[in-house]
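Descriptive analysis of the structure
As a plain string of letters, each chain reads:
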Amino acid sequence: MHHETPLLNMLVGGFSLAFLLGALAHRFKLPPLVGYLCAGVLVGPFTPGFVADQGLANELAEIGVILLMFGVGLHFSLKDLMAVKWIALPGAVVQISIATLLGMGLAWSFGWTLGEGLVFGLALSVASTVVLLKALEDRDLVESPQGKIAVGWLIVEDLAMVLALVLLPALSGSLGGKAVASAGDASIAMILLITLAKVAGFVAFMLIVGRRFIPWMLEKVVWSGSRELFRLAVLATALGVAYGAAITFGVSFALGAFFAGMVLAESEFSHRAAQESLPLRDAFSVLFFVSVGMLFDPRVLIADPWAVLGTVAIIIVGKSIAALGIVLAFRHKLNTALTISASLAQIGEFSFILAGLGMQLDLLPARAHALIIAGAIISILLNPLIFSVLDRFKEKEALPAP
């Protein structure tokens, strides 16, 4: 390969390997996401052969994060959440709390600081939207009662992680990480107040100006009759709002993109916008997962097996038992409780975003980052197996539908 074209090398190497390994993962009935992560491992600095440019990978991954969050906002349904709020809201909050405390306990045993343990625990507490929806779709459960609860539960988890992404930079100095430059010697309360004021200002701007301008602009583009311009308008909205939010209000790209998707979701063009932006979102999402895989050192599986086992146990056993107990406590059927607990027994994209932010803020050691990626890969690999065991159990016990 020509070393003078690192961007082309990154795109060709990343996409080609992601396609090959993603297709292989699909062949073995695994989420293609597993293949994308493994592709990143192969082009990363910890394996022999071609090594992609890490700096370029991180920049492309940032675009992937923006488009991923835009997609989350675009599919956010307040109506669906309200329909299952009495179980999804308290259930997700309690489950996140339990998983975070378990993660902090494991971090404490490693001698990490409180801030490092908090970020580590939060990263282990949130399931992957991609993996969960794939598992439900494969079993025609998305529109079922248990499927709606699982999706509502995941929406609450996503909102909690969005809040964490907003607050962590403001609290970083107090938690032992890199202090925010603009914070100075301000108290924690003042830092929080300033951060929340900026977020409130951005939210108000989007609700007052964005929800009027964006649909109006898209309507004008639709009248032009150009599908290409509409697709470009959607992309410009996602990237432009994310960038503008970061520059003007000092909030993260992720939050800006999420609200851009939320505002667009309320318009009559939301379905078309989701369809038109899907190919580009998928492409950059692939590069995001490849870039995450590049940070993974496979040697951690041999050098730190007990830590990996503990991390995986929290994700698969701890979260599942917590979810199972919570759903049963709300007097739902065992069938529903088992489906939800199996759906949440993995971690994915939000965990990577949170871990990346933690590394930037010096709130997460390299060992923790490696454990999070290892836990994600292993839990995603095991999730189809968990569902297969669950399906066989349901058949054997002939559990009645809720």
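Remember, predicted model here, so these are calculated numbers, not experimental data. (Residues numbered from 1 in each chain as written. Predicted model: local features only at pLDDT ≥ 70, side-chain atom pairs only at ≥ 80, totals over all residues. Heavy atoms only, no water.)

Describing the overall build of the chain
When its secondary structure is counted, the chain shows 17 helices and zero strands. On C-alpha atoms alone, the chain measures out to a radius of gyration of 21 Å, which is about the 21 Å that the 2.2 N^0.38 rule sets for 402 residues. The principal-axis extents of the C-alpha atoms in the chain amount to approximately 60 × 50 × 50 Å. In the chain, which comprises 402 residues, the share counted as buried stands at 51%. With an accessible surface of roughly 18600 Å², the chain has 69% of that area assigned to carbon and sulfur atoms. Looking at the chain, you have 24 positive and 26 negative side-chain charges, and the mean spots of the two groups are 7 Å apart. (Helix = DSSP H or I, 4+ residues; strand = E, 2+ residues; numbered from the N terminus. Rg over C-alpha atoms; globule rule 2.2 N^0.38 Å. Buried < 20%, exposed > 50% of the residue type's maximum accessible area, 1.4 Å probe, protein only. Areas by Shrake-Rupley, 256 points an atom, 1.4 Å probe, with all protein chains shown as cover. Lys, Arg positive; Asp, Glu negative; His and termini not counted. Charge placed at Lys NZ, Arg CZ, Asp CG, Glu CD.)

Here's the deal with the side chain of Thr-237
Mapping Thr-237 onto the fold places it in helix α10 (residues 227-249). Polar contacts involving the side chain of Thr-237 include one to the main-chain carbonyl oxygen of Ala-233, which spans 2.8 Å. Setting aside its immediate chain neighbours within four residues, Thr-237 contacts Ile-214, Met-217 and Ala-260. (Polar contact = N/O pair within 3.5 Å; in protein donor to acceptor, adjacent residues only side chain to side chain. Contact = heavy atoms within 4.5 Å.)

Quick notes on the packing of aromatic side chains
Under the criterion given, the structure shown has eleven aromatic pairs. A ring pair is formed by Phe-213 and Trp-216, whose centres lie 5.9 Å apart and whose planes are at 40 degrees; its orientation type is tilted. Of the two residues, Phe-213 and Trp-216 both sit in helix α9 (residues 188-224), three residues apart, roughly one turn of that helix. The partly exposed category is assigned to Phe-213, whose relative accessible area is 46%. Within the aromatic cluster, the residues linked to one another by ring pairs are Phe-202, Phe-205, Phe-249, Phe-258 and Phe-259. In this structure, Arg-272 packs its charged tip against the face of Phe-230, placed 4.3 Å from the ring centre. (Phe/Tyr/Trp six-rings, centres within 6.5 Å; stacked < 30°, edge-to-face > 60°. Lys NZ or Arg CZ within 6 Å of the ring centre and 35° of its normal.)

A look at helix α2 (residues 32-43)
For α2, with twelve residues, the first-to-last C-alpha span of 17 Å sits near the 16 Å given by 1.5 Å per residue. Those residues of α2 that fall on the buried side of the exposure criterion are Leu-33, Val-34, Gly-35, Leu-37, Ala-39, Gly-40, Val-41 and Val-43. (Expected span 1.5 Å × (residues − 1).)

Details of the nonpolar core
Met-69, Phe-120, Phe-202, Leu-218 and Phe-288 are the most contacted members of the largest nonpolar core, which has 103 residues in total. Sorting elements by how many residues they give to this core places helix α3 (residues 54-74) first, with eleven residues. Sequence-distant contacts of Phe-288, that is, excluding residues within four places in its chain, are made with Ala-61, Gly-64, Val-65, Leu-68, Glu-349, Phe-352 and Ile-353. Core analysis: the second largest hydrophobic core is formed by 22 residues, Ala-92, Val-156, Val-327 and Leu-344 among them. (Core = buried A, V, L, I, M, F, W, Y, C linked by side-chain atoms within 4.5 Å.)

Quick word on helix α15 (residues 334-343)
Think of an α-helix as 3.6 residues a turn; residues three or four steps apart then line up on the same face. Where burial is concerned, most of α15 is hidden: nine out of the ten residues are buried. Buried residues of α15: Asn-335, Thr-336, Ala-337, Leu-338, Thr-339, Ile-340, Ser-341, Ala-342 and Ser-343, and no others.

A short note on the packing of α3 against helix α12 (residues 270-294)
Two elements in contact, α3 and α12, have axes whose closest approach is 7 Å; the angle formed by their N-to-C orientations is 145 degrees. Judged by the twist between their axes, the crossing of α3 over α12 is left-handed. Across the interface between the two elements, Gln-54, Ala-57, Leu-60, Ala-61, Ile-63, Gly-64, Val-65, Leu-67, Leu-68, Phe-70, Gly-71 and Leu-74 of α3 pack against Ser-270, Ala-273, Ala-274, Ser-277, Leu-280, Arg-281, Phe-284, Ser-285, Leu-287, Phe-288, Ser-291 and Met-294 of α12. Residue composition of the contact of α3 with α12, by class: 16 nonpolar, seven polar and one charged. (Axes fitted to C-alpha atoms, helices over the stretch in contact; angles between N-to-C directions. Left-handed = near helix turned anticlockwise from the far one by under 90°. Nonpolar A, V, L, I, M, F, W, Y, C, P; charged D, E, K, R; others polar.)

Overview of the environment of Gly-40
Among the secondary structure elements, Gly-40 is positioned in helix α2. Look at Gly-40 and you get buried, because its relative accessible area is 0%. Along the chain, Gly-40 and Gly-250 lie 210 residues apart, while their C-alpha atoms are 31 Å from each other. Discounting chain neighbours no more than four positions away, the residues touching Gly-40 are Val-290, Gly-293 and Met-294.

What to know about the packing of helix α5 (residues 85-109) against helix α8 (residues 145-171)
Following both chains from N to C, one finds α5 and α8 inclined at 55 degrees, their axes separated by 8 Å at the closest point. Comparing the axis directions of α5 and α8 gives the class oblique. Taken as a pair, α5 and α8 cross one another with a handedness that is right-handed. Facing Ile-87, Ala-88, Leu-89, Gly-91, Ala-92, Gln-95 and Ile-96 of α5, the residues of α8 in contact are Ile-149, Gly-152, Trp-153, Val-156, Glu-157, Ala-160 and Met-161. Along the lines of polarity and charge, the residues of the contact of α5 with α8 split into ten nonpolar, three polar and one charged. (Parallel < 35°, antiparallel > 145°, perpendicular 65-115°, else oblique.)

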